[in-house]
Amino acid sequence: MEYRTIDDLKKAGFEEFRTVEKLKEDLSDIPAVAGVYMVVYQGDGMPEFLENGTGGFFKGKNPNVPVSELESNWVNNTCVVYIGKATTLSKRISQYLRFGNGENIGHWGGRLIWQIKDSKDLQLCWKPVDTNPREEEKRLIADFKRQYDGKRPFANLQD
């Protein structure tokens, strides 16, 4: 699988491609099934980062990292900034978006996207899976790392 463009992701079976802004208005099309999802960035080059993003302080922990860390995590020549898994896509994506709105929700993974200045313009896509979503997520991250010199997607902090 390639990770450069939305067309690459569509060829791999990912669907919908809705902006964070639109999903915050209406989550009804997200299926209530197991799957994997991706957060996609369509801008040119590295985005502008915020010192303090919109992510929630889950259990009192600050979700923000220094801008220098965000810049060093950035991966060029890909549209994928995060790969996630869900036992129920609709529930997990809802949690992720609520965390991005500053709520104290247990979705610590992928928190770096909320320090992207225009995170509302990021897109989410998903793919239902019949296999274990965690195993599929791990496979996708490993495949990504093979293509990008050992780097994970920008907001994936573990394999």
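Up top you'll find the structure we're talking about.
Remember, predicted model here, so these are calculated numbers, not experimental data.

What counts and how
- Residues numbered from 1 in each chain as written.
- Predicted model: local features only at pLDDT ≥ 70, side-chain atom pairs only at ≥ 80, totals over all residues.
- Heavy atoms only, no water.
- Helix = DSSP H or I, 4+ residues; strand = E, 2+ residues; numbered from the N terminus.
- Contact = heavy atoms within 4.5 Å.
- Areas by Shrake-Rupley, 256 points an atom, 1.4 Å probe, with all protein chains shown as cover.
- Lys, Arg positive; Asp, Glu negative; His and termini not counted.
- Charge placed at Lys NZ, Arg CZ, Asp CG, Glu CD.
- Pairing = 2+ DSSP bridges.
- Axes fitted to C-alpha atoms, helices over the stretch in contact; angles between N-to-C directions.
- Buried < 20%, exposed > 50% of the residue type's maximum accessible area, 1.4 Å probe, protein only.
- Phe/Tyr/Trp six-rings, centres within 6.5 Å; stacked < 30°, edge-to-face > 60°.
- Core = buried A, V, L, I, M, F, W, Y, C linked by side-chain atoms within 4.5 Å.
- Expected span 1.5 Å × (residues − 1).

Novice: What am I meant to see in the overall build of the chain here?
Specialist: Secondary structure summary: the chain contains five helices and four strands in total. Reading the chain from its N terminus to its C terminus gives the helix and strand order α-β-α-β-α-β-α-β-α. With respect to the principal axes defined by its C-alpha atoms, the chain has extents near 35 × 35 × 25 Å. Across the chain, contacts joining residues at least 24 apart in sequence account for 79% of those joining residues at least 6 apart. Element-wise, carbon and sulfur atoms account for 43% of the exposed surface of the chain, whose accessible area totals about 7,900 Å². The average position of the 23 basic charges and that of the 24 acidic charges among the side chains of the chain differ by 6 Å.

Novice: How do you make sense of the sheet that holds strand β2 (residues 35-40) when you look at a structure like this?
Specialist: For sheets, the rule is that strands pair by backbone hydrogen bonds, running either parallel or antiparallel. Taken together, four strands build an open sheet; the order of strands is β1-β4-β2-β3 and the sheet is antiparallel. Looking along the sheet, the strands with just one partner apiece sit at the ends: β1 (15-19) and β3 (80-86). For this sheet, the mean inter-axis angle between neighbouring strands, taken without regard to orientation, is 20 degrees. Note that β2 and β3 share six bridges and pair antiparallel. The residue bridging Val-36 from the neighbouring strand is Lys-85, located in β3.

Novice: Which parts of the structure should I look at to understand the environment of Asp-118?
Specialist: With respect to the helices and strands, the residue Asp-118 is situated in the loop between α4 (89-100) and β4 (123-128). Look at Asp-118 and you get partly exposed, because its relative accessible area is 41%. Separated by 75 residues in sequence, Asp-118 and Gly-43 have C-alpha atoms that sit 9.8 Å apart.

Novice: Looking at this model, I keep getting lost on the packing of aromatic side chains. Mind explaining?
Specialist: To describe a pair of aromatic rings, one takes the distance between the centres and the angle between the planes. On inspection of all chains with the given rule, the structure shows ten aromatic pairs. With centroids separated by 5.6 Å and ring planes inclined at 15 degrees, the aromatic side chains of Phe-49 and Phe-154 adopt a geometry described as stacked. Within this pair, whereas Phe-49 is found in the loop between β2 and α3 (67-73), its partner Phe-154 is found in the segment after α5 (133-147), the two being separated by 105 residues in sequence. By the burial criterion, Phe-49 is buried, and Phe-154 matches it. On the numbers, 5.4 Å between centres and 25 degrees between planes, the contact of Tyr-82 with Tyr-96 is stacked. Taken together, the residues Tyr-82 in strand β3 and Tyr-96 in helix α4 connect sequence positions 14 residues apart.

Novice: Sorry, what's going on with the nonpolar core here?
Specialist: In a soluble, globular protein the nonpolar side chains are often hidden away together inside. With 29 residues, the main nonpolar core has Tyr-37, Val-39, Ile-93, Tyr-96, Ile-113, Leu-124 and Phe-154 as its most contacted residues. Element by element, the count of residues in this core is highest for α4, at five residues. When near neighbours in sequence (up to four residues on either side) are disregarded, Val-39 contacts Cys-79, Val-80, Val-81, Tyr-82, Tyr-96, Ile-113, Leu-122, Gln-123 and Leu-124. Membership of the second largest hydrophobic core comes to 19 residues, among which are Tyr-3, Met-38, Cys-125 and Phe-144.

Novice: Is there a simple way to explain α4 in this structure?
Specialist: At 3.6 residues per turn, the α-helix brings residues three or four places apart onto the same side. Relative to the 16 Å expected for twelve residues at 1.5 Å per residue, α4 spans 16 Å between its end C-alpha atoms, a close match to the ideal helical length. Where α4 is concerned, the buried positions are Leu-89, Ile-93, Ser-94, Gln-95, Tyr-96, Leu-97, Phe-99 and Gly-100. The secondary structure elements touched by the buried residues of α4 are α2 (20-25), β2, β3 and β4. Gly-102, located one to two residues past α4, shows a positive phi value of around 95 degrees.

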